[in-house]
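In case you want the letters, here they are:
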Amino acid sequence: MPTSAISEEASLLSGMRSETLEEVELTGVRPSLPAVRTFTRGNTGVEEVYVDTDNGPLCVAVQGDRSKPPILTYHDLGLNYVTSFQTFFNYCEMRTLMSNFCVYHVNAPGQEEGAAPLSDDYVFPSMDELANQLDHVLRYFGLESVVGLGVGAGGNILARFAYRQPTKVEALCLINVVPTTAGWIEYGYQKLNARYLKSKGMTQGVMDYLMWHHFGKGTEERNHDLARVYREYFEHSVHPGNLAAFIDSYVKRTDLPISRSTPTVESFPAGRRPSMTTTLQMPIINVCGALSPHQEDTVILNSRLDPTKSSWMKVSDCSMVLEEVPQKMCEALRLFLQGLGYAVRLGRPPLTVSRSAEVISKSIKQSASKDSVRSSPWPFRITENPLTA
């Protein structure tokens, strides 16, 4: 190596500031455990109202500004508005979406959290009577029509209400809905569950059946934390007698009286011609989880709906769609509501690599155009995107 290069390197090294590493003792360091998932009743902005109906009072939780378009929800077996919809409506993208609507969460009689035991002489409403109760809810709040969002048994109730009151339901979003009567296996299991709930409370067999009903098979391996939360909820927070009455009503359900085919002339009185099908006439999105035990039932429901007004969507790698993949359901619901004509206000979209390049390029071009009148600070002329050139 030449002498000049060695002397230059020595001068550079001597001019550099010497830095020493000091030992630092870490004190007070504690492991941070992840927050435990829980269901919390009484969130800010949610008001619980009891509406009188022909079958007793009904708990309705109102979330949002009542002057905005209404969305009405109904929960599934063993759940209530908190355990069915809290996670979904608290999802970050869903909060922005719901700022455009007011949500009315309907709870089946005696299914809300902390509900008193139903009296022995109380006759729990049938599925059709539960659907008729929704008419009282709409009249109480002065709602002309609603967008329905129902899961499982709640979706079946909303579909019955839409069939009887089509002008009061603008659209439906149905998730894991069974449109047929209970088969022999389901009937036997559910009647046995109701008997155990009334006599022994929440047994392990009843809990396992509820977990299968909501999550299908392989729940523990797929989502252990979520399964643990729901097991604890079923064990400690569900009133067994009230749930047994709801199960009895659901297992005795009749077939949804809808069909895609046009009614025959013989089914009409003399002199009348069939002018329409007996299916639901409002826009419907029929959703199921790919791992849900009710997937085939949603296919049957889809075969009974008008294909020009309905869509069937299967969400992969989940069963309980709102809990396991809220981001996918939020996007589907957003597009569905936009298709109905609602101008849904969205949050700022995520800044991807391609979008960041576009934003930077646009800002550079705007700066260059503003400075073109005076002396430009750029040593070159921008003719194309410098990040993609």
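Residues numbered from 1 in each chain as written. Predicted model: local features only at pLDDT ≥ 70, side-chain atom pairs only at ≥ 80, totals over all residues. Heavy atoms only, no water.

- An unreviewed UniProt entry lists the protein under the name Protein NDRG1, from Sipha flava.
- The Sequence similarities (unreviewed entry) comment attached to the protein in UniProt states, word for word, "Belongs to the NDRG family." (UniProt positions renumbered as here; feature names shortened; annotations may be inferred.)

A few points about the overall build of the protein
Line of reasoning, step 1. Counting its secondary structure elements, the protein contains 14 helices and 8 strands.
Line of reasoning, step 2. Split into buried and exposed, the 389 residues of the protein put 43% on the buried side.
Line of reasoning, step 3. Within the protein, contacts between residues separated by at least 24 positions form 74% of all contacts whose residues are at least 6 apart in sequence. (Helix = DSSP H or I, 4+ residues; strand = E, 2+ residues; numbered from the N terminus. Buried < 20%, exposed > 50% of the residue type's maximum accessible area, 1.4 Å probe, protein only. Contact = heavy atoms within 4.5 Å.)

With respect to the packing of aromatic side chains
Centre distance and the angle of the planes are the two values used to describe a pair of aromatic rings.
Line of reasoning, step 1. Applying the stated criterion across every chain, the model contains 12 aromatic pairs.
Line of reasoning, step 2. Aromatic pair Y104 and F141: ring centres 5.0 Å apart, planes at 55°, arrangement tilted. In this pair, Y104 sits in strand β4 (residues 102-106) while F141 sits in helix α4 (residues 127-141), placing the two residues 37 residues apart along the sequence.
Line of reasoning, step 3. The exposure class of Y104 is buried, given its relative accessible area of 1%.
Line of reasoning, step 4. With 6.2 Å between their ring centres and 50° between their planes, Y230 and F234 make a pair best called tilted. One end of the pair is Y230 and the other is F234, both in helix α9 (residues 224-236) and 4 residues apart, which spans about a single turn. The residues Y230 and F234 share a single accessibility class, namely buried.
Line of reasoning, step 5. Members of the aromatic cluster, each reached through a chain of ring pairs, are F215, Y230, Y233 and F234.
Line of reasoning, step 6. Geometry around Y250 places R253 over its ring, the cationic atom sitting 4.2 Å from the centre. (Phe/Tyr/Trp six-rings, centres within 6.5 Å; stacked < 30°, edge-to-face > 60°. Lys NZ or Arg CZ within 6 Å of the ring centre and 35° of its normal.)

Digging into the environment of R160
Line of reasoning, step 1. In this fold, R160 is placed in helix α5 (residues 153-164).
Line of reasoning, step 2. Separated by 28 residues in sequence, R160 and N132 have C-alpha atoms that sit 8.6 Å apart.
Line of reasoning, step 3. Residue contacts for R160: discarding those within four places in its chain leaves M127, D128, A131, R253, T254, D255 and L256.

Some words on α5
Line of reasoning, step 1. Along its 12 residues, α5 runs 17 Å from first to last C-alpha, staying within 8% of the 16 Å computed at 1.5 Å per residue.
Line of reasoning, step 2. Next to the buried residues of α5 lie β3 (70-74), α4, β5 (146-151), β6 (169-175) and α10 (240-251). (Expected span 1.5 Å × (residues − 1).)

Thoughts on the environment of C59
Line of reasoning, step 1. Positionally, C59 belongs in strand β2 (residues 56-63).
Line of reasoning, step 2. On the basis of relative accessibility, which here comes to 2%, the residue C59 falls in the buried class.
Line of reasoning, step 3. Each C-alpha atom of the pair C59 and A108 lies 7.6 Å from the other, and the pair is 49 residues apart in sequence.
Line of reasoning, step 4. Setting aside chain neighbours within four positions, we find C59 in contact with E48, V49, Y50, H105, V106, N107 and E112.

Here we look at the nonpolar core
For soluble globular proteins, nonpolar side chains are generally found buried alongside one another.
Line of reasoning, step 1. Among the nonpolar cores identified, the biggest contains 62 residues, and F141, L172, M202, F234 and L280 are the most heavily contacted of them.
Line of reasoning, step 2. The leading source of residues in this core is α4, at 7 residues.
Line of reasoning, step 3. If we ignore the near neighbours within four places in the chain, the residues touching F141 are V49, V51, V60, V62, R66 and Y104.
Line of reasoning, step 4. By size, the runner-up hydrophobic cluster in this structure holds 30 residues, among which are F89, M94, C330 and V344. (Core = buried A, V, L, I, M, F, W, Y, C linked by side-chain atoms within 4.5 Å.)

Looking at the packing of helix α6 (residues 184-199) against helix α7 (residues 204-215)
Line of reasoning, step 1. Contact geometry of α6 with α7 gives a least axis separation of 9 Å together with a crossing angle of 135°. As judged from the angle between their axes, α6 and α7 are oblique. For α6 against α7, the interelement crossing comes out left-handed. Contact residues: E186, Y189, Q190, N193, Y196 and L197 in α6; G205, V206 and Y209 in α7. (Axes fitted to C-alpha atoms, helices over the stretch in contact; angles between N-to-C directions. Parallel < 35°, antiparallel > 145°, perpendicular 65-115°, else oblique. Left-handed = near helix turned anticlockwise from the far one by under 90°.)

Details of unusual backbone geometry
Glycine aside, a negative phi is what most residues show, and trans is what most peptide bonds show.
Line of reasoning, step 1. With a phi angle near 50°, N176 is a residue other than glycine that sits in the positive phi range.
Line of reasoning, step 2. By the element assignment, N176 lies in the loop between β6 and α6.
Line of reasoning, step 3. Assessed through its relative accessible area of 7%, N176 is described here as buried.
Line of reasoning, step 4. At D317, a position not held by glycine, the phi torsion is positive, near 60°.
Line of reasoning, step 5. In this fold, D317 is placed in the loop between β8 (310-315) and α12 (321-324).
Line of reasoning, step 6. By relative accessible area, which is 58% here, D317 ends up exposed.

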